[in-house]
Amino acid sequence: MLALVTGASRGIGRAIVLEFARNGFDVAINYNRSSESAQKICDEAVALGVKAGIFQADVGDSEQVKELFSKVKASLGAVNVLVNNAGITRDNLLMRMKPEDWNAVISTNLNAAFYCTQAALRDMAKAHYGRIVNIASVVGLVGNAGQANYSASKAGIIGFTKSAAREYSARGITVNAIAPGFIETDMTEILKPEMKDSILKSIPLGRIGKAEEVAKAVMFFAGEDSAYITGQVLAVDGGMTMC
Ligand code: NAI
């Protein structure tokens with residue numbers, strides 16, 4: 001089995017790559033800028049006994065995505081599992097949000113999932129097998145002040161997940177989404193301490209989540225134990241949303 005994880009040079013993507021490698025999946029590690037950290041993760045995966053490679057591409061660019069998939073295929077084979085993980089934030093209140101901040105977030109968080117899914121589906125449909133896992137967010141379920149662009153992209157990915165699941169279930173392909181809550185990574189590191197405190201108060205389990213906890217849920221959707229589950233959104237959020 002070969003899994004391609006987008007935006008995997010750090011954070012949740014890194015944890016997903018290592019969880020796959022521990023479970024015997026070969027891994028294609030996509031990164032945009034940080035080749036050094038991607039190579040480090042690749043070495044860690046190889047040390048776990050699987051094949052792995054790093055592949056540079058801005059997944060918000062449809063041409064680069066086409067090239068990414070052909071390079072992965074030439075080097076490691078056809079992708080069986082795709083994890084659309086790459087994501088960015090450009091937070092601001094709605095009235096102050098610039099069109100470029102709106103577009104950048106939609107491009108990386110939503111358009112990229114469309115480009116990568118379309119590219120992955122060709123071989124998956126031929127093989128009558130595939131697993132696609134999209135990393136959404138609780139913000140896509142309940143919204144968040146200051147994140148209109150981000151929450152729109154994540155709500156979009158949830159609708160996309162359900163439509164793709166309906167289109168491809170007859171081909172043995174499942175498409176599910178994970179909605180992480182507040183997870184300790186570089187993305188959340190930049191939040192002010194008072195903001196972190198107020199988020200913490202809204203988490204019934206009383207703590208911030210770990211990237212590894214998201215990776216375990218991704219592994220479930222990528223493996224055989226979830227064969228009868230498609231079009232679902234699983235919140236990994238310490239009970240934050242319960243919707
Ligand atoms: P992160 O900022 O640590 O990692 C995001 C990764 O995506 C980085 O490696 C970055 O280089 C990569 N990336 C960004 N733009 C890219 C592009 N155009 N092409 C290829 N790679 C690109 O963030 P984190 O926390 O690991 O986030 C991973 C996913 O989880 C994202 O989709 C994020 O929206 C989602 N998420 C994170 C939460 C959190 O609390 N950390 C909560 C809910 C969702």
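Quick note: structure is the one above.
Quantities reported herein were computed from a predicted structural model and do not represent experimental measurements.

**Some details on the site of the ligand**
And then number 1: In the vicinity of the ligand there are 27 residues, among which Arg 10, Asn 85, Tyr 150, Ile 183 and Thr 185 approach most closely.
And then number 2: The contact in question runs from an oxygen atom of the ligand to an N or O atom on the backbone of Ile 12, over 2.8 Å.
And then number 3: In this structure, an oxygen atom belonging to the ligand sits 2.5 Å away from a side-chain N or O atom of Thr 185.
And then number 4: Bound to the protein, the ligand loses 93% of the 820 Å² it would expose on its own.
And then number 5: Secondary-structure elements contributing two or more residues to the shell around the ligand are helix H1 (11-22), helix H6 (148-168) and helix H7 (186-189).
And then number 6: A class-by-class count of the residues in the shell around the ligand yields twelve nonpolar, twelve polar and three charged.

**Looking at H1**
An α-helix turns once per 3.6 residues; consequently, residues spaced three or four apart project the same way.
And then number 1: Relative to the 16 Å expected for twelve residues at 1.5 Å per residue, H1 spans 17 Å between its end C-alpha atoms, a close match to the ideal helical length.
And then number 2: The buried count for H1 comes to nine of twelve residues, which makes it a mostly enclosed element.
And then number 3: When H1 is considered as a whole, its buried residues turn out to be Ile 12, Gly 13, Ala 15, Ile 16, Val 17, Leu 18, Glu 19, Phe 20 and Ala 21.
And then number 4: Buried residues belonging to H1 abut strand S1 (2-5), strand S2 (26-31), helix H2 (35-47), strand S4 (81-84), strand S5 (130-135) and helix H9 (211-222).
And then number 5: The positive-phi residue at the C-terminal boundary of H1 is Gly 24, with phi of around 85 degrees.

**Notes on the sheet that holds strand S7 (residues 233-236)**
And then number 1: Pairing is parallel in the open sheet, where seven strands are placed in the order S3-S2-S1-S4-S5-S6-S7. Edge positions in the sheet fall to strand S3 (52-56) and S7, since each has one partner strand and no second. Strand-to-strand twist in this sheet, taken as the mean axis angle between neighbours without regard to direction, amounts to 20 degrees.
And then number 2: Bridging between strand S6 (residues 173-180) and S7 involves four bridges; their strand directions are parallel. When the sheet's bridge partners are listed, Pro 180 is paired in S7 with Val 236.
And then number 3: Along the sheet face, H1 touches S1, S2, S4 and S5 and points at about 175 degrees away from the line of S1.

**Observations regarding the nonpolar core**
And then number 1: By size, the foremost hydrophobic cluster in this structure holds 35 residues, and its most contacted members are Ile 16, Val 17, Phe 20, Val 27, Val 83, Ile 178 and Val 218.
And then number 2: At the level of secondary structure, the elements contributing two or more residues to this core comprise S1, H1, S2, H2, S4, S5 and H9.
And then number 3: For this core, the element with the highest residue contribution is H9, accounting for eight residues.
And then number 4: Once you skip the residues sitting within four places of it in the chain, Val 83 turns out to touch Leu 4, Val 5, Thr 6, Ile 16, Phe 20, Val 133, Ile 135 and Val 218.
And then number 5: Residues Ala 57, Val 59, Leu 68 and Val 72 belong to the second largest nonpolar core, which totals 26 residues.

**A word on empty space enclosed by the protein**
And then number 1: A complete count under the given rule lists one cavity of 30 Å³ or more for this structure.
And then number 2: Within this model, the largest cavity holds a volume of roughly 40 Å³.
And then number 3: Among the residues making up the lining of the largest cavity, the classes are represented as seven nonpolar, five polar and no charged.

What counts, and where the lines are drawn
Residues numbered from 1 in each chain as written. Predicted model: local features only at pLDDT ≥ 70, side-chain atom pairs only at ≥ 80, totals over all residues. Heavy atoms only, no water. Near = heavy atom within 4 Å. Polar contact = N/O pair within 3.5 Å; in protein donor to acceptor, adjacent residues only side chain to side chain. Areas by Shrake-Rupley, 256 points an atom, 1.4 Å probe, with all protein chains shown as cover. Helix = DSSP H or I, 4+ residues; strand = E, 2+ residues; numbered from the N terminus. Nonpolar A, V, L, I, M, F, W, Y, C, P; charged D, E, K, R; others polar. Expected span 1.5 Å × (residues − 1). Buried < 20%, exposed > 50% of the residue type's maximum accessible area, 1.4 Å probe, protein only. Contact = heavy atoms within 4.5 Å. Pairing = 2+ DSSP bridges. Axes fitted to C-alpha atoms, helices over the stretch in contact; angles between N-to-C directions. Core = buried A, V, L, I, M, F, W, Y, C linked by side-chain atoms within 4.5 Å. 1 Å grid on protein atoms, 1.4 Å probe; cavity = no way out; pocket = protein on both sides within 12 Å on 5 of 7 lines; lining within 4 Å. Points joined across faces, edges and corners; volume = space filled by probe spheres on them.

These figures capture arrangement, not role.
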